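# Chains, contacts and geometry: an overview
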Amino acid sequence: MFDFIKDNLILNDPLILGANISIVFTVIGIVATLTYFKKWKWLWNDWITSVDHKKIGIMYIIAALIMLFRGGVDALLMRAQLTVPNNEFLSSQHYNEIFTTHGTIMILFMAMPFLLGLMNVVVPLQIGARDVAFPFLNNLSFWSFMFGAILFNMSFVFGGSPDAGWTNYAPLAIEGSPGPGINYYLLGLQISGIGTLLTGINFVVTIIKMRAPGMTLLRMPMFTWTTLITAFIIVFAFPILTVTLALMTFDRLFGTHFFTLTDGGNPMLWSNLFWLWGHPEVYIVILPAFGIFSEIIATFARKTLFGYKSMIISLVAISGLSFVVWVHHFFTMGGSAAVNSVFSISTMAIAIPTGIKIFNWLGTLYKGRIEFTVAMMWSVAFIPTFLIGGVTGVMLGMAAADFQYHNNYFLVAHFHYTLIAGVVFACFAGLVYWYPKMFGHKMNERIGKWAFWFFSIGFNVCFLPQFVLGFSGMPRRVYTYGPEDGWTALNVISSVGAFGMGVGFMIIVYNVYYSYRFAKRELSGDAWDGRTLEWATSSAIPPHYNFAHVPEVKSADAFYYMKQESKESGKPEKVGYKPIHMPSNAGTPFIMSGLFFVGGFGLVFELWWMAILALIGIFGCMAYRSLFSHKQDAGYYVSVEEIEKTENPYKREA
Amino acid sequence: MFNKFKPYLIVLISLVSLFFIIIFSSGSEMIILDPKGPVGAVQKDLIMLSIYYMLGIMVVVLSFFTVILLKYRSSKKDSDYKPEMHGSTKLEIIWTLIPVLIVIALSIPNTKALYELREAPKATAHKDPIVIHATAADWKWIFSYPEEGIETVNYVNVPEDHPILFKVTAADSMASFWVPQIGGQIYGMPGMVNDLYLQADEPGTYDGRNSNFTGEGMTHQKFDFVALEEEKYREWVKDSQENEPKLTEETYEKLMLPDTVDEMTFSSTHLAFVDHGKNSEYAMAIREKYGVEASSHGADKEAKSSHGNHGDHGDMEDHDNHEEHGDMKEHEGHDDEEHKDHENNEGHEH
């Protein structure tokens, strides 16, 4: 056992050794603090076992921010390596591991959980529901994501990181990469993928079944619409990932030959299956971002969203097209001219609904009263930057030209322009916008603007030169280049921009601390004079049951019209409260996900006894849940007195 | 006071950084937009066409964007405000139809180009293309001229103004064959063969490489694409056929091991032993034979730290094929001389 740890713990790299030491100190620090303040029970009861969608959402967002830090450090290490030619800061192998983990973490453990976090916080409130449809499942989703992420990140200090790129192409990932790295990738993604799939199912049912009375599909807020469509894409796309990962896991652990070079395996099958999931995955992260921007732009332009119906039609069109364009990830595979033409056209066709959305946002701003709050600045900056990402996407979609762009920095610049200007800007905008709903105070606007300018200018300085690098023939994923290639100057600029983004991120983190200490507490639930139902709760932080009275919806922008109406008719008459049924907390999901982690770790290192024991434990948890769910799900009633106290805080003192 | 100037400061910073980016980018050669062959030229024309369309779109959208933001900001009290405006069927139809037209306008030349690139360039269609098999192996490029009976490693000589049909495949990882200045890429995959026509219009040495990630040595998986005058090319072929050594199976097996090597030339081809387009297992069988694994994490950690970038080098030397590996080194040394010969051919004589 000791030998096993000794063999796998990575100690010879000074960078990783430093990280090891800081991880040990952080863990000791956290454990000591929790013990000293006697917070273990609070942590268990109020957070870990909580089925409250808002708390689960907050946990998702915290995890995502930590992952953004990790992925960002990876990015800065890469930029540091590429700043000057023939740099020896990182070795080839180390560089490969870093870009692999950067890509995987940013897409699967940063962008997606961040958006799932915002969905969790906002969507049930927006549709006037008390919780999601399956609260127990929601907790399980979060913890399986979390333990999947922990398993994946462990590779960094124990056993070695995956090194075959985030696309993990066979046969490189099978024959070209022995050692536990790829196993970590396969099992980490598998475990967190279970969580994502469950969330998808949960939100489809929540949105279809749990809307407040009067909220027809065509009265749903845009963020709820994008969440619904995203949930559908998840339900259709994630099973593909599950199966694909399982097949490669079998190849690596049990000697099957699905993607191998030998015994009839087909490596190309991996590429097809991966992108059959991977392309819709891109839309899983961009569509909710569109929803966030729609909410924020309408709120701060003080106008109804322009072209609501065409927004929805274009959403559905994009989600459909997202499943039929995967071949554009390998136009260079030697497909016939006809195949490449068809996929070119379907790819470029995505520009049409996306263009409709861009013009609709402009239409929303047109004749509005635009207030440049921080959330609005992120949303407004999204339009021109995402436009660059979009038009270069059309250029890449032309297969004959893609023969030149494929795998070079033009592509790298393009997808960062869509994923950062689209998804990351949306995450920041949504975080600032819904911050008062989560924590009861706004983030400081002045500091927020500094962060915005550092990050967005840094972003453009970082990625604009990479389009030119693409035209200069710089391929992606090379760890170094020579001075004769002529790529030095642009790489220097790019690295400067990357560090600007790093500074921007640190300012955001500082803003969290500063606002916690000094920001004015929000008293009403309506921090921004909002238009949708999440702002209609009685207090800034909604009570765990959300609404004391289930709101009745009469139109789109429900809360805006409610406010108009009450202005006209004066105070609404008092209606008595009724007890509210709420689900009880659950510890099983945490334990079960923990067992997934243990089993996953066992499989990574082929410790069969560990995997089998964990599997038995998982089945035990399932049996326990099945046999005793009537007790677990009994839930409890929030009494009328408690609701009265919560809804009228002044009575509390009396 | 600072607050008052901040917007201008920010615009200034943005403009200055944009200015620097433009200045520095003019220093780097955009070789894709400076093609030296008909294939690259077709692609460049298509790229330029799309750039013009896209710039047009950007100018329109950004103008609207700027005007709207300036005119309807809340601090400007006199602007008209229509909070209930929620759509306009006419406008929405217009901005649906325009992108449809643009997509059609780009799809047609794209499809044409795709069909054009499947065949030999028109201007030289009367000449029989020279067939060259390009095989990617970790981490080198092997070129076989079946008709001439020559094989080269990490460089390929071709005659100018003559269509070349590359039959691209791979021995192990999926690679991508790319000569940016001559024309775009195609995948080399084990067990499959992809055709790619290329042609150089003027003599010169162009950078070629693998652009698809194949692991540790991928960065150095490059080759020289050398376009010679027709006559010089013929002489080089004749000279290689007469003076270069035959490719033995043993030498070729060494090429299947994951490592980088120098340029080499032989007077026979590997097609006698193996067709990678049909046999995807060959390289794996050889690695098993020599007991070589590709780079790994746990096992060769120490090797990695002591050998720097050549981690798996250390790994290989740990195995009992130590001496054989040494053999390979000798080969490389030998090939260095050949490399010089090759340069002589290119530089002097004619």
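Definitions and cut-offs
- Position numbers for residues start from 1 in each chain and track the written sequence from start to end.
- Ligands are numbered from 1 and chains lettered from A, in the order in which they are written.
- Reporting in this predicted model follows two pLDDT cut-offs: at least 70 for local features of residues, and 80 or more for side-chain atom pairs to be given and counted; totals over whole chains, interfaces and linings ignore these cut-offs and use all residues.
- Working from all heavy atoms in the structure, the side-chain values ignore hydrogens and water.
- Every helix listed is a DSSP run of H or I at least four residues long, and every strand listed is a run of E at least two residues long, numbered separately from the N terminus.
- Only C-alpha atoms enter the radius of gyration, while the globule expectation follows 2.2 Å times N to the 0.38, with N the number of residues.
- Note on classification: 1.4 Å probe, protein chains only; a residue is buried when its accessible area is under 20% of the maximum for its type, exposed when over 50%, partly exposed between these limits.
- In short, Shrake-Rupley with a 1.4 Å probe defines the accessible areas, and a residue's cover is counted only from the protein chains shown.
- For this count, His and the chain ends are skipped, Lys and Arg are scored as positive, and Asp and Glu as negative.
- Each charge is placed at NZ for Lys, CZ for Arg, CG for Asp and CD for Glu.
- We call two residues in contact when some of their heavy atoms are within 4.5 Å.
- We define a salt bridge as a contact between a side-chain nitrogen of Lys or Arg and a carboxyl oxygen of Asp or Glu at a distance within 4 Å.
- Computed with a 1.4 Å rolling probe, the buried area is the accessible surface lost when two parts are put together, summed over both parts.
- Under the scheme applied, nonpolar residues are Ala, Val, Leu, Ile, Met, Phe, Trp, Tyr, Cys and Pro; charged residues are Asp, Glu, Lys and Arg; polar residues are all the others, including Gly.
- Paired strands are those between which DSSP finds at least two bridges.
- The angle between two axes is taken between their N-to-C directions and runs from 0 to 180 degrees, where each axis is a line fitted to C-alpha atoms and a helix contributes only its stretch in contact.
- Definition of nonpolar core: a set of buried residues of the types Ala, Val, Leu, Ile, Met, Phe, Trp, Tyr and Cys, connected through side-chain atoms within 4.5 Å.
- A pair of Phe, Tyr and Trp rings is counted when the ring centres sit within 6.5 Å of each other, with Trp represented by its six-membered ring. The angle between the planes then sorts it: under 30 degrees is stacked, over 60 is edge-to-face, the rest tilted.
- Values of pLDDT, ranging from 0 to 100, describe the predictor's confidence in every residue of the model.
- Grouping into patches uses exposed residues only, defined as over 30% relative accessible area, and leaves out salt-bridged ones; the cut-off is 9 Å for like charges and 5 Å for nonpolar side chains (Val, Leu, Ile, Met, Phe, Trp, Tyr).

In this section: the overall build of chain A. Counting its secondary structure elements, chain A contains 22 helices and two strands. For 654 residues, the compact-globule estimate of 2.2 N^0.38 gives 26 Å, and chain A sits close to it at 25 Å. Seen along its three principal axes, the alpha-carbon backbone of chain A occupies a region of about 75 × 60 × 45 Å. Within chain A, the proportion of its 654 residues that are buried is 65%. A total accessible area of about 23,100 Å² is found for chain A, and carbon and sulfur atoms account for 71% of it. Measuring between centres, the 40 positive side-chain charges of chain A sit 11 Å from its 36 negative side-chain charges.

This part takes up the overall build of chain B. Assigned secondary structure in chain B consists of nine helices and 11 strands. Counting over 350 residues, chain B shows a buried share of 51%. Taking contacts inside chain B between residues at least 6 apart in sequence as the whole, the part at least 24 apart equals 70%.

One pass over the full model with this rule turns up 16 salt bridges over all chains. Measuring nitrogen to oxygen at the nearest pair gives 2.9 Å for the salt bridge that ties D195(B) to K167(B). Residue D195(B) is found in strand β8 (residues 194–198), and its partner K167(B) is found in strand β5 (residues 164–170); the two are separated by 28 residues along the sequence. Given the relative accessible area of 22%, K167(B) is considered partly exposed. Via salt bridges that share partners, D526(A), D529(A) and K563(A) belong to a single interconnected network.

Each partner contributes to the interface: chain B provides 102 residues, whereas chain A provides 119 residues. Carbon and sulfur atoms make up 68% of the area that chain B and chain A hide from each other, which totals about 9,300 Å². The tally of links between chain B and chain A comes to one salt bridge. Here D80(B) ties to K367(A) by a salt bridge, and the two come within 3.2 Å at their closest N and O atoms. Counting only elements with at least two residues in the side of chain B that touches chain A, the list comes to α1 (2–27), α2 (38–71), α3 (89–117), β6 (175–179), β7 (183–188), β9 (204–210) and α7 (301–307) of chain B. Its residues placed into classes, the side of chain B that touches chain A shows 50 nonpolar, 36 polar and 16 charged.

Turning to the sheet that holds strand β2 (residues 140–145) of chain B, a few remarks are in order. Residues and elements named next belong to chain B. An order of β8-β5-β1-β2-β3-β11 is seen for the six strands of this open sheet, with the pairing classed as mixed. The open sheet terminates on both sides in strands that have one partner only, identified here as β8 and β11 (264–266). Sheet twist, expressed as the average angle between the axes of neighbouring strands with direction ignored, equals 20°. By the bridge criterion, seven bridges tie strand β1 (residues 130–137) to β5 in an arrangement that is parallel.

In this section: the nonpolar core. Of all hydrophobic cores here, the largest spans 276 residues; its most connected members are W361(A), L365(A), F143(B), F166(B), F177(B) and F225(B). No other element matches the 22 residues that helix α15 (residues 409–439) of chain A contributes to this core. Judged by nonpolar contacts, the second largest core, of 18 residues, contains M264(B), F266(B), Y282(B) and A283(B).

Residue and element names in this part refer to chain A. By secondary structure assignment, the location of N491 is in helix α17 (residues 488–518). We classify N491 as buried; its relative accessible area is 0%. Other than its neighbours up to four places away in sequence, N491 contacts R79, L82, T83, L469, M474 and Y481.

Note on aromatic pairs: each is described by the distance of the centres and the angle between the planes. Residues and elements named next belong to chain A. Tallying each qualifying case throughout the model produces 87 aromatic pairs over all chains. Ring geometry for F293 against F382: centres 3.9 Å apart, planes inclined by 20°, an arrangement best described as stacked. A residue pair is termed long-range when its members are at least 10 positions apart, and F293 in helix α9 (residues 267–301) and F382 in helix α13 (residues 374–397) qualify at 89 residues. Each of the two residues, F293 as well as F382, counts as buried. With centroids separated by 6.3 Å and ring planes inclined at 65°, the aromatic side chains of F425 and F455 adopt a geometry described as edge-to-face.

Note the cis peptide between A170(A) and P171(A), where omega equals 0°. If you trace the backbone, P171(A) turns up in the loop between α6 (135–154) and α7 (181–209). In this structure, the amide linkage connecting D138(B) to the following residue, W139(B), adopts the cis form with an omega of -10°. For W139(B), the location among the structural elements is in the loop between β1 and β2. One non-glycine residue, N86(A), lies in positive phi territory at about 50°. Looking at the element boundaries, N86(A) is found in the loop between α4 (53–82) and α5 (92–126). Among the residues examined, N86(A) registers a relative accessible area of 49% and is labelled partly exposed. Positive phi values are uncommon outside glycine, yet N407(A) reaches one of about 60°. With relative accessibility at 4%, the residue N407(A) sits in the buried group.

Another point: the confidence of the model for chain B. Residues and elements named next belong to chain B. Here chain B averages 82 in pLDDT, while 78% of its residues score no lower than 70. Confidence over residues 296–350 falls short of pLDDT 50; this stretch has 91 contacts with residues more than four positions distant or in other chains. Across the interfaces of the predicted complex, the ipTM metric reaches 0.92, alongside a pTM of 0.91.

Attention shifts here to the confidence of the model for chain A. The share of residues in chain A with pLDDT of 70 or more is 98%, and the mean pLDDT across the chain is 93. Here helix α22 (residues 649–653) of chain A stands out as the least confident element of chain A, with mean pLDDT 52; helix α8 (residues 222–254) of chain A is the most confident, with 97.

It is worth spelling out a nonpolar patch on the surface at this point. All names here are of chain A. Taken together, F250, F254, F258, W608, W609, I612, L613 and I616 make up a surface patch of nonpolar side chains, about 830 Å² in accessible area. Those elements giving two or more residues to the nonpolar patch turn out to be α8 and α20 (608–632). Along the chain, F254 falls in helix α8. Take F254: its relative accessible area is 46%, and that puts it in the partly exposed class.

Residues and elements named next belong to chain B. If you trace the five strands from one edge of the open sheet to the other, you get β4-β10-β9-β6-β7, paired in mixed fashion. The outermost strands of the open sheet, each flanked by one partner alone, are β4 (155–159) and β7. The mean angle between the axes of side-by-side strands here comes to 20°, regardless of whether they run parallel or antiparallel. Sheet analysis places β9 next to strand β10 (residues 222–228), joined by six bridges and oriented antiparallel. Bridging across to β10, Y206 finds its partner in F225.

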